[in-house]
Amino acid sequence: MTPKPRPTRAPIEVPAISEDNEFVGLGLVPAIAAAVEAKGYTQPTPIQSEAIPVILSGRDVIGSAQTGTGKTAAFSLPILQKLGEHGPLRCLILEPTRELALQVDEALQTYGKFVDLSATVIYGGVGYGSQRDAIASGLDIIVATPGRLLDHIEQRAISLSGIQYLVLDEVDRMLDMGFLPDVKKIIGMCPTERQTLFFSATIPPELEGLTKWCLRDPHTIEIGRRRSAAETVSHAFYPVVESQKFALLENILESTNYESVLIFCRTKHGADFVANRLERKEHKVAVMHSNRSQSERTEALKGFKSGKYEVMVATDVAARGLDIQGVTHVINYDTPLHPEDYVHRIGRTGRAQTEGDAYTLLTEEEMKYAFAIERFINQKIERRKIEGFPYVYSAVFASQEAAPATVFRSRLYRGSKERR
Ligand code: AMP
């Protein structure tokens, strides 16, 4: 069972806070506000301004805001403050992918550097040993993907009976069909007397009705229109026939002044195919999908972040949450089947007020998905043709009209985990 807390550490010296640190006005104590300032932020983003006081007051929250607008800090800062000092395991944050879990754990280490709290990250695809050691050392917070967390619970290494704060990050993904059975099981093991926080860039309105069983009188915070794409990203569709997709991709890469590019494919096989062909053309390419080993995934992401690879080809396993500086372009080699995935994929660029471009290759068969995306983000996306490209004619070129009315089915209760 979960070990007893470790002894508390010696008091940590908190640096002075500057006068323009507006996090203090939200009710955050100096130890937390100073850590945010040390990271370089003194002005809260809109989701932080709204969510932090509400979370501090103890209310459940459903929070939505565009990609890249500081949702992680919006829930991490008040939770760190509410936990106060070291004690038993009291906070669980669930994430849909291993990389996102690692990223949120890193943020907690950064924002919690002046408080005596311990957090670790639990995810699959790696050995159990170091995770067991971390658990045994006494933790206040666990950031986890559901499958591996359940393994540790079954092995009686972790008990959730003391959880007071439960966060479902990327909540619409966590509650879709692939994750739902595991997530339901996990929530069922947490005490009913707890504070529950839901966050995502895409929260369908029906989610509130579907989640009454796990929320208590939630306060809903919506920054911008629900489901809207990042404002700092410009969009374009590139109509093309299937047989010319790779040639068009090459042409786009040649004619684009990019720093680093994230290319999304629908399948793992497709991602390998595109990556191999780009490598043969002398591009430095990382690949990320769920058939790669965890060490390959970690190396790919690290190399992409450091600039070792100028291109990363990925499936939707990289679509959500990843905060990678300097991604100037997202290219959808395949049009995403679900409009939420479009919003998350293109949200890997244009983060924290930087600008980005999102290009989507569009075949005739994919036109219905393109219309669905336009309806979803309530925005007509420009169709672009590349001057001088030897296009083979396709009916997709004739489709310049506005999107027809399309009925959406939410992806809630659909899909499967880790297939991508
Ligand atoms: P997130 O949406 O949580 O992934 O955050 C997106 C990016 O914004 C990350 O690089 C954060 O470090 C950064 N960020 C978070 N809060 C702020 C803030 N108050 N001011 C500026 N950038 C921030």
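The structure displayed is predicted, hence computed values, not measured ones.

*Asks:* Provide a residue-level description of the domain arrangement of the chain, including the pertinent values.
*Replies:* Splitting the chain by domain gives domain 1 (24–223) and domain 2 (233–412). A separation of 29 Å is found between the C-alpha centroids of domain 1 and domain 2. On the side of domain 2, 20 residues touch domain 1, which itself brings 23 residues to the contact. For the pair domain 1 and domain 2, the summed buried area comes to about 1800 Å², and 55% of that belongs to carbon and sulfur atoms. Seen at the junction of domain 1 and domain 2, the total is 3 salt bridges. Measuring nitrogen to oxygen at the nearest pair gives 2.7 Å for the salt bridge that ties R320 to E170. Along the contact surface separating domain 1 from domain 2 lie 7 residue pairs in polar contact (both at pLDDT 80 or more). No other element matches helix α4 (residues 98–111), which puts 4 residues into the side of domain 1 that touches domain 2. Considering only residue class, the side of domain 1 that touches domain 2 consists of 8 nonpolar, 8 polar and 7 charged.

*Asks:* I'd like a description of the sheet that holds strand β5 (residues 165–169), backed by residues and values.
*Replies:* Pairing is parallel in the open sheet, where 7 strands are placed in the order β3-β4-β2-β5-β6-β1-β7. Edge positions in the sheet fall to β3 (119–122) and β7 (219–222), since each of these pairs with one other strand and no more. Direction aside, neighbouring strands of the sheet carry axes that sit 15 degrees apart on average. With 4 bridges joining them, strand β2 (residues 91–94) and β5 adopt parallel strand pairing. For L92, the partnering residue across the bridge sits in β5 and is L166. The strands touched by α4 are β2, β3, β4 (141–144) and β5; relative to β3, the strand with the most contacts, the crossing angle is about 175 degrees.

*Asks:* Please set out the site of the ligand residue by residue, giving values where relevant.
*Replies:* The immediate surroundings of the ligand are formed by 15 residues, with Y41, Q48, T72, D323 and R351 found nearest. Between the ligand and Y41, the relevant distance is 2.5 Å, taken from an oxygen atom to a side-chain nitrogen or oxygen of the residue. Measuring from an oxygen atom of the ligand, one finds a backbone N or O atom of K71 at 3.3 Å. Considering the ligand on its own, with 490 Å² of exposed area, one finds that the protein chains cover 85% of that surface. Of the residues that constitute the shell around the ligand, the class distribution is 4 nonpolar, 7 polar and 4 charged. When residues of the shell around the ligand are assigned to domains, at least three map to each of domain 1 (24–223) and domain 2 (233–412).

Conventions used here
Residues numbered from 1 in each chain as written. Predicted model: local features only at pLDDT ≥ 70, side-chain atom pairs only at ≥ 80, totals over all residues. Heavy atoms only, no water. Domains from an automatic or database assignment. Contact = heavy atoms within 4.5 Å. Buried area = accessible area lost by both parts, 1.4 Å probe. Salt bridge = Lys/Arg side-chain N within 4 Å of Asp/Glu carboxyl O. Polar contact = N/O pair within 3.5 Å; in protein donor to acceptor, adjacent residues only side chain to side chain. Helix = DSSP H or I, 4+ residues; strand = E, 2+ residues; numbered from the N terminus. Nonpolar A, V, L, I, M, F, W, Y, C, P; charged D, E, K, R; others polar. Pairing = 2+ DSSP bridges. Axes fitted to C-alpha atoms, helices over the stretch in contact; angles between N-to-C directions. Near = heavy atom within 4 Å. Areas by Shrake-Rupley, 256 points an atom, 1.4 Å probe, with all protein chains shown as cover.

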